[in-house]
Amino acid sequence: MVSRVRTIAFDGIEAVSVDVQVMIAPGKVGMHIVGLADKAVAESRERVQAALHASGLSMPAKKVTVNLAPADLPKEGSHYDLPIALGLMAALGAIPADALADYVVLGELSLDGTIAPVAGVLPAAIGANGMERGLICPHACGPEAAWAGSEIDILAPRSLIALANHFRGTQVLSRPEPSVRSAARDLPDMADIKGQESAKRALEVAAAGGHNLLMVGPPGAGKSMLAQRLPSILPPLAPKELLEVSMIASIAGELADGRLSDRRPFRAPHHSASMAAMVGGGLRARPGEMSLAHHGVLFLDEFPEFSPQVLDSLRQPLETAECVIARANHRVSYPARIQLVAAMNPCRCGMAGEPGHRCVRGPRCVSDYQARISGPLLDRIDLRIEVPAVSASDLIRPGRAETSAVVAERVARARKLQQERFTALGLPSWTTNAHCSTALVEEIAAPDTAGAALLKEASEKMGFSARAYHRVLKVARTLADLAGEEKVGRLHLAEAISYRLAGERLAQAA
């Protein structure tokens, strides 16, 4: 007799159906797992046997064969423990054979028979809902799975015994409720920043349009402080965005207690991060920092200190909004629609351009350091600003600056205008000007006569690339949205162009 249990394998954030087939037959006593299983799946044999023994069941003195179909699909992870154990229990008659027909199962077993949490329960639940099946998952992951929909049947047992008792009718497992992580109340506030009015303006523009931002200034000028306050002025995640972000976090095993949050991700990797850590990869092709920052902010402090190869690996995902990890026998794609925020010193000693300071190595200190950032990567950054050192008068000035709540209201109004505009054009999936296509931006950001003349003159004098030209238009459109104006004017274009001027020295060095 062959018992069957349905589980899943992960292809990026998509759930692929896997059929777990268990057969008990005469032959050499032992348990064999076939179907292109990795080391973690092969070790399920020992965990399943120990868990069944702890639950009062003994392995039959026969040959047990477990096939994971399709056999040519790689199987990775420990979540195959529970479906293998349930298939074996069904074959032994410990649970009704047809009880599992309408469920997708995943979970890791402990040696004492309890069910440990695993990664990827949310995309598994969404995949099970698409198959019109229920889900059996660990108890700790139940609140996460409940977000897949109110109509899906979810069982979240703590142990094998509890699940067996449920199918026998001696115990009832209640459906878990979706859980929300409490909103952070201690986010850094914009009011803490002394001075730096132009930098705060650029940060507001970046937040309103989802634009990439580069800050250049000496140590202690407040670049990191500004970046850390960006989440406090960004709007919360929309429901669709929330599910996408949570699915990636679930695959990476970063959902604490199965609780979801509507706060936008803010990732700040150290400059020693490898290419696989940044864009994804490794033995099991896990999502990298770019994908974990999906619909949020990726902050790269000490920008030139990152490996040049790592920085250049960001170029394609910044354009396509996805990270494609290709291997000889495997290809995985993770979404990566991010807002890049970077901070750097003007030179290695950090004080180039400051009054009263002269680099020992002269101009080469600046050019060599800034040349670590390639021109094509710089071309993808919309806003480039210089952040000067804060003066003593700014530090001792009484009173507090504008709070994050006030700035967030203006950002929310600008984003609402963008959302309404894209929805009216039949493009509800686009939410910010930064992600608008080049063909459409020429239509929605068409400047007036004076603005067109200014843009033409600036493009010729500064040698704008086609990408730079369209990114200036996108920033100008955002500035007009912040001002509540329908038409992009000369003032909006002048300010947008000024944000490109600040980076010309870097582009020349690169």
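So, here is what we can say about the structure in this document. Every value quoted in this text rests on a predicted model; they were computed, and no experiment measured them. Residue numbers restart at each chain and count upward from 1, following the sequence in its written direction. A pLDDT threshold of at least 70 governs which residues receive local features in this predicted model, and a stricter bar of 80 or more applies before side-chain atom pairs are shown or counted, although totals over entire chains, interfaces and linings include all residues. With hydrogens and water excluded, all non-hydrogen atoms of the structure serve as input to the side-chain values.

## Observations concerning the side chain of histidine 211
Only runs of H or I of at least four residues qualify as helices and only runs of E of at least two qualify as strands under DSSP, and these elements are numbered from the N terminus. Positionally, histidine 211 belongs in the loop between helix H7 (197–209) and strand S10 (213–216). Throughout this description, buried means an accessible area under 20% of the type-specific maximum (1.4 Å probe, protein chains only), exposed means over 50%, and partly exposed covers the range between. Looking at histidine 211, the relative accessible area reads 0%, which means it is buried. In terms of polar contacts, histidine 211 uses its side chain to reach the side chain of threonine 478, at 2.7 Å. Not counting residues within four places of it along the chain, the set of residues in contact with histidine 211 comprises Val205, Ala206, Gln339, Leu340, Asp382, Leu383, Asn433, Ala434, Lys474, Val475 and Thr478. Here a polar contact is taken to be a pair of N or O atoms separated by no more than 3.5 Å, where protein atoms must pair a possible hydrogen donor with a possible acceptor and residues adjacent in sequence count only if both atoms sit in side chains. Pairs of residues are marked as contacts when any of their non-hydrogen atoms sit within 4.5 Å.

## Things to note about the sheet that holds strand S16 (residues 383–386)
Neighbouring strands of a sheet are bound in pairs by backbone hydrogen bonds; such pairs are parallel or else antiparallel. A pair of strands counts as paired when DSSP detects no fewer than two bridges linking them. The strand order across the open sheet built from five strands is S11-S12-S15-S10-S16, with neighbouring strands paired in parallel fashion. Both edges of this open sheet fall to strand S11 (266–267) and S16, since each of them pairs with a single strand only. As paired strands, strand S12 (residues 297–300) and strand S15 (residues 339–344) are joined by four bridges and run parallel to one another. Directly across from phenylalanine 299, in S15, lies its bridge partner valine 341. Across the sheet, H7 is in contact with S10, S15 and S16; its angle to S16 comes to roughly 165°. Lines fitted to C-alpha atoms define the axes here, with helix axes fitted over just the stretch in contact, and angles between the N-to-C directions of these axes take values from 0 to 180 degrees.

## A few points about the nonpolar core
Nonpolar core, defined: a set of buried Ala, Val, Leu, Ile, Met, Phe, Trp, Tyr and Cys residues in which side-chain atoms within 4.5 Å join the residues together. Counting 52 residues, the largest nonpolar core has Leu213, Met215, Leu230, Val341, Ile385, Leu493 and Ile497 as the members making the most contacts within it. Contacts of methionine 215, omitting those with residues within four sequence positions, involve Lys223, Leu226, Ala227, Val341, Ala342, Ala343, Met344, Ile385 and Val387. Counting 38 residues, the second largest nonpolar core, distinct from the first, contains Ala9, Val20, Tyr103 and Val105.

## Considering helix H20 (residues 466–482)
Helix span is expected to be 1.5 Å times the residue number reduced by one. Under the 1.5 Å per step criterion, the end-to-end length of H20 is 25 Å for 17 residues, consistent within 8% with the ideal 24 Å. In terms of burial, H20 is a largely internal element, 14 of the 17 residues being buried. Among the residues trailing H20, glycine 484 stands out with phi positive, at a value near 70°.

Remember, this is a structural readout, not a statement about activity or role.
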